[in-house]
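Residue-level listing of the chains:
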Amino acid sequence: MKQGPHAPPLRGSLPPEGADPAWGGPAPDRALSSHVVAADAVLARWHHDPHALVQVLRETQAQTHWLPRELLAHIGRALGLTLAHVEGVASFYRFFHLRPVGRVRVLFSDNITDRMAGSEALMARLCERLGVKPGAVDAQGRFSVDRCSCTGLCDQGPALLVNHHQVVTRLDAARVDQLAERLLAGVPPEDWPADWFAVEDHIRRADVLLQGLPADAPSLPAVLARTPAELLAEVERSGLRGRGGAGFPTARKWRACAEADAPDGQRCVVCNADEGEPGTFKDRVLLSRHADELFDGMTLAARAIGAQTGLVYLRGEYRFLLPQLEAVLQRRRANGLLGRNAGGVAGFDFDIAIHLGAGAYVCGEESALIESLEGQRGTPRIRPPFPVQRGYLGRPTVVNNVETLVAVAHIARRGGAWWAGLGTPESTGTKIHSVSGDCERPGLYEYPLGTPLAQILADCGARNAQAVQVGGPSGSCVPASGFHRAIAFEDLPSAGALMVFDQTRDLFEVARHFARFFAHESCGLCTPCRVGTELVVRRLDKLAHERGAGRGSAFDIARLQELDALLHSGTHCGLGVSACNPLRDTLAHFGQAYAQRSTAAQFQPGIDLDAELSSARRATGRQDRGAHLNTEHGA
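What counts as what
Residues numbered from 1 in each chain as written. Predicted model: local features only at pLDDT ≥ 70, side-chain atom pairs only at ≥ 80, totals over all residues. Heavy atoms only, no water. Pairing = 2+ DSSP bridges. Helix = DSSP H or I, 4+ residues; strand = E, 2+ residues; numbered from the N terminus. Axes fitted to C-alpha atoms, helices over the stretch in contact; angles between N-to-C directions. Parallel < 35°, antiparallel > 145°, perpendicular 65-115°, else oblique. Left-handed = near helix turned anticlockwise from the far one by under 90°. Contact = heavy atoms within 4.5 Å. Nonpolar A, V, L, I, M, F, W, Y, C, P; charged D, E, K, R; others polar. Phe/Tyr/Trp six-rings, centres within 6.5 Å; stacked < 30°, edge-to-face > 60°. Buried < 20%, exposed > 50% of the residue type's maximum accessible area, 1.4 Å probe, protein only. Lys NZ or Arg CZ within 6 Å of the ring centre and 35° of its normal. Salt bridge = Lys/Arg side-chain N within 4 Å of Asp/Glu carboxyl O. pLDDT = per-residue confidence, 0-100.

Visitor: Give a detailed account of the sheet that holds strand β4 (residues 166–168), specifying residues and quantitative values.
Guide: Either a parallel or an antiparallel arrangement is found when strands of a sheet pair, and the pairing is made through backbone hydrogen bonds. Sheet architecture is open: four strands sit in the order β2-β1-β3-β4, paired in mixed fashion. In this open sheet, the two edge strands, each paired with only one partner strand, are β2 (143–148) and β4. Averaged over all adjacent pairs, the angle separating strand axes in this sheet is 25°, with direction ignored. When strand β1 (residues 104–109) meets β2, the two strands line up parallel, connected through six bridges.

The structure is reproduced here in C-alpha cells:
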C-alpha cells in the first residue's frame, strides 16, 4: 500500500444546523477546520502510515469526540485511501462514532456479573438524573450514556468507561448521584474524585507468575546471550502451551515462524493483550504489575525466532494503562534493553510499540488482530497461510498471549524442566484465574494446572454455587456435579475466567445474555454467524416472553439445537463456533429452565402476523382484520 500525499486542509460544510450538537459552540467552518488541524497533527505523529489508520482514527476522535464524514475523507486523502475504505474501517469498531455523541461518553460495563451487581438499575438511575435515554445525547451535546461489553473489571463492578479512556469502579447509587451532579455541572472527568478511578489488583492467591521474578534471577542480557536455538529448546522442554485459550504448544509455534520463509528478512512478535473474553481480567493485572516480565518475554521470543519488530495490541478498554506501559518501554530503551543491539547482543535490533484496539471482541482472534494492526477491519483471515507463515505486513509473525509471554520470562531464567515440574504432564506450569460473580472474594487466583475447580471455589468463598462459567462465554458452563473436574487442557481447559452463579440465578437468562453478546460482536463476514447468532437471540427472546408472550414450545428448543449445530460446524472462525456453548451447556444441565418456558402444546408463531399487516391494511383502506387466515380460494 503506497503512502498518500499530505492533503491540504479540507474546506466544506457541516451537516445541517441543529443536526450536530456535539460540535460544542464554534461556527461550523471553524469547527471543521479545528478538527482537520487535530487530524493533521495525529497523521504527522504516525508518519502518514496507512497501516496506522485505526490509531489515527482513535487519536483524532479523542480530540474531536466523533468522526464526521468530511473528516474521514480528509484522513483518507492524507493516507492515500478511499473514503469508502476509511469509513468501512471506522464503522467496524464500536468505539468509533460516525454520529454525534456527548463530549463525555459514559459506557456501563454490560457483562453478566455487572448486571448481577445491579448495573442496569444504576444506569437507569443515571439516565433519569440526567434526563437522557440510553444511547442518546443530551440537547447541549454535553454527555451520552450507553452500554459496552465487559471492561475487565468484574472483580470491582459495576464499572463504567469514560470517553474510552478512564474507568470508574465500585458503582453504587450514591456514586451515580454524585456522577450525575458533576455531569450536569459540566465538571470534566479529570476533575472527578481520584478514588473513583482506583483499580485494585485483588490478588488472592499468587504462585510463580503473580509473585514475580525472584530477586536472584539472571538479568535479561545474561539470558539473551544464549543462542536462539538454546532459547527455543528451553521453551520446548517446558511444555508451555498458549494461555489465551487454544493451548497450542508455544515452542512449536515459534519454530514454525523461525523456519518460515521471510522474503525481506523481517519477522514479528505480537503480544495479544486484547483481553476481551467477558469475565477475564488477569492480563490487566499482569500488564499493571509485571510489564517488565511481559516485555522480557517478547524480547526473548524475538531473539529465538529472529524478529525485529514487537507489537502489543492493547484492548481499548485498557487505555488507562497506556501511559504506564509507555514509560516502562522508554526506560528499557534508555537501559539498552530495546533498540539497536538490544540487551547488548550485537546485531539484535528489536523494539516494541503499542497499538490500541477500538472495541471489537473478534480482534482477540490472532488473524483478526493482525488485520487491525494493519489498519483494517478486524475480520479473521482465511487460513492457511497461518500468521507464522504470513502475518503482520506479510511477514512471519508469532502471536502470544500476555500470560504466555510472562511465563517465557520465567522459563528462560529458571529452566524448562522447572516449569515442566509444575502442573501435570500434559498441562505444565500454573494458570491464573479471574474469579467473579457470586463469591465472597473475587479476584485473581493462580494454581498449578490440574487443580480441581472445587478447590478454587472453596478458596474464593463461593457458597451454594449451582454453576461456574469456565473460560468465559466461549468456554464451558459446569454444573455442581462437575466441580470435581480439574482445570487442565486434558480435562477442563480455561482461558482464565471463572464466573460463579449461585442457586438464585436463572441460567437461562445467563445463556440469553451471552447469546446477545455474541450476536453483537459477530464481525458479520460469514452468514451462519451473522444471521445465526441473531436467530438464536430471537428464539431465546421468544422463550423469555419478550417475543410471542408465552408461545414457546418444543419446536423452539429443536430449532435452537439446529442453530447450535449450524454455528458449530459452518462458521468462519472461533467466535461462531463457540457462540452457542452457553446455550448447549445450559440446555444439557439446566433443561428445566428452558422447559418451563416452552409449555405450548404445538408451535406458536413468535409474531402477531395480523398486527404486522396492519400498516399495509391502513395504506390500502382495507378493514378486514384476520383476512390472511382465510384459506378459501378467491377470498
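Read on, since the account is not over.
Visitor: An account of the packing of helix α20 (residues 527–543) against helix α21 (residues 554–570) is needed here, citing residue identities and associated values.
Guide: It is the contact of α20 with α21, at a shortest axis distance of 10 Å, that shows an interaxial angle of 160°. One finds that α20 runs roughly antiparallel with respect to α21. In the packing of α20 onto α21, the handedness of the crossing is left-handed. Of α21, the residues touching α20 (which contributes Pro528, Cys529, Gly532, Thr533, Leu535, Val536, Arg539, Leu540, Lys542 and Leu543) are Phe555, Asp556, Ile557, Arg559, Leu560, Leu563, Leu566, Leu567 and Gly570. Residue composition of the contact of α20 with α21, grouped by class: twelve nonpolar, three polar and four charged.

Visitor: Residues and numbers for the packing of aromatic side chains, please.
Guide: Within this structure, the stated rule accounts for eleven aromatic pairs. Considering the side-chain rings of Tyr361 and Phe518, the 6.2 Å spacing of their centres and the 70° angle between planes classify their relative orientation as edge-to-face. Within this pair, whereas Tyr361 is found in the loop between β8 (351–356) and α15 (366–373), its partner Phe518 is found in helix α19 (residues 507–521), the two being separated by 157 residues in sequence. As far as the burial class goes, Tyr361 and Phe518 line up, both buried. Taking the centre distance of 5.8 Å and the plane angle of 55° together, the rings of Trp418 and Trp419 count as tilted. Judged by relative accessible area, Trp418 falls into the partly exposed class, the value being 23%. Judged by its relative accessible area of 0%, Trp419 is buried. Aromatic rings pair up to connect Phe92, Tyr93 and Phe96 into one cluster. A cation over a ring is seen here: Arg241 above Phe489, with NZ or CZ 4.2 Å from the ring centre.

Visitor: Can you lay out the pattern of salt bridges for me, pointing to particular residues and giving the numbers?
Guide: Taken as a whole and assessed by the stated rule, the structure comprises 50 salt bridges. Ionic pairing is found between Glu521 and Arg94, a salt bridge with its closest N-O pair at 2.8 Å. Taken as a pair, Glu521 in helix α19 and Arg94 in the loop between α4 (83–92) and β1 lie far apart in primary sequence, 427 residues in all. What makes Glu521 buried here is its relative accessible area of 6%.

Visitor: Break down the pairing of strand β6 (residues 268–273) for me, with residues and values.
Guide: Extensive coverage of β6 is indicated by the burial of six of its six residues. Of the two faces of β6, the one holding Cys268, Val270 and Asn272 and the one holding Val269, Cys271 and Ala273 are both buried throughout. Here five bridges tie β6 to strand β9 (residues 397–401), and the two strands are oriented parallel to one another. What sits directly across from Cys271, in β9, is Asn400.

Visitor: Go over the confidence of the model for the protein with me, naming the residues and quoting the values.
Guide: The share of residues in the protein with pLDDT of 70 or more is 93%, and the mean pLDDT across the chain is 92. Counting contacts from residues 1–28, a segment whose pLDDT is below 50, to residues more than four positions away or on other chains yields 57 contacts.

Visitor: Could you give me a rundown of the sheet that holds strand β13 (residues 476–479), with the residues and numbers involved?
Guide: Spatial strand order, β5-β11-β10-β14-β12-β13: six strands in an open sheet with mixed pairing. Each edge of the sheet is formed by a strand with only one pairing partner; in this case those strands are β5 (203–205) and β13. Direction aside, the axes of adjacent strands within the sheet are offset by 30° on average. As paired strands, strand β10 (residues 430–437) and strand β14 (residues 497–502) are joined by four bridges and run parallel to one another. When the bridges of β14 are listed, Val435 appears paired with Leu498. Together, β5, β10 and β11 (443–448) form the strand contacts of helix α12 (residues 282–289), whose direction differs from that of β10 by roughly 120°.

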